[in-house]
Amino acid sequence: MAEEVRAPLAGNILNVLVEPGAKVQEDDELLVIEALKMENLVYSPCGGTVKEIRVKKGDKVDEDAVLVRIE
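Residues numbered from 1 in each chain as written. Predicted model: local features only at pLDDT ≥ 70, side-chain atom pairs only at ≥ 80, totals over all residues. Heavy atoms only, no water.

Caption draft 1: Seen up close, the pattern of salt bridges. This model, assessed by the stated rule, comprises six salt bridges. Residues joined in a network through salt bridges with shared partners are E52, R54, R69 and E71. (Salt bridge = Lys/Arg side-chain N within 4 Å of Asp/Glu carboxyl O.)

Right under this line is the structure:
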């Protein structure tokens, strides 16, 4: 079953640190969101394979938006 990684807050995507097909472990860094002029890392909640990345650098996201799917 896929795990959806959601935005912890609204902001701008500064950097995507993984690609589809990448193997990740729990707590690996997935991407960087800028909010309130601070950079916030988003971490993997589980180990698995990155199946889908729904954002790219420069995108604006709302809180709770799905960013990445991991299986």
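Caption draft 2: Structural detail: the sheet that holds strand β6 (residues 48-53). The sheet built from four strands is open, its strands ordered β1-β8-β6-β3 with antiparallel pairing. The open sheet terminates on both sides in strands that have one partner only, identified here as β1 (3-6) and β3 (23-24). As paired strands, β3 and β6 are joined by two bridges and run antiparallel to one another. Residue pairing across strands places V24 opposite G48, the latter belonging to β6. (Pairing = 2+ DSSP bridges. Helix = DSSP H or I, 4+ residues; strand = E, 2+ residues; numbered from the N terminus.)

Caption draft 3: Region of interest: the sheet that holds strand β2 (residues 11-16). If you walk across this open sheet you meet the four strands as β5-β4-β2-β7, and the pairing is antiparallel. Bordering the open sheet on either side are β5 (38-43) and β7 (60-61), each of which pairs with just one other strand. As paired strands, strand β4 (residues 29-35) and β5 are joined by six bridges and run antiparallel to one another. Bridge pairing in β5 links L31 to V42.

Caption draft 4: Quick peek at the environment of V32. Relative to the assigned elements, V32 resides in strand β4. Sequence separation between V32 and K57 is 25 residues, and the spatial gap between their C-alpha atoms is 9.1 Å.

Caption draft 5: Inspection of the pairing of strand β8 (residues 66-70) at higher detail. With five of its five residues buried, β8 lies for the most part within the structure. Alignment of β1 against β8, held across four bridges, turns out to be antiparallel. If you follow E4 over to β8, its bridge partner there is R69. With three bridges connecting them, β6 and β8 associate as antiparallel partners. The residue bridging V50 from the neighbouring strand is I70, located in β8. (Buried < 20%, exposed > 50% of the residue type's maximum accessible area, 1.4 Å probe, protein only.)

Caption draft 6: Here's a closer look at the nonpolar core. Ranked by internal contacts, the top residues of the largest apolar core, which has 16 residues, are L31, I33 and L67. Secondary structure elements with two or more residues in this core: β4 and β8. (Core = buried A, V, L, I, M, F, W, Y, C linked by side-chain atoms within 4.5 Å.)

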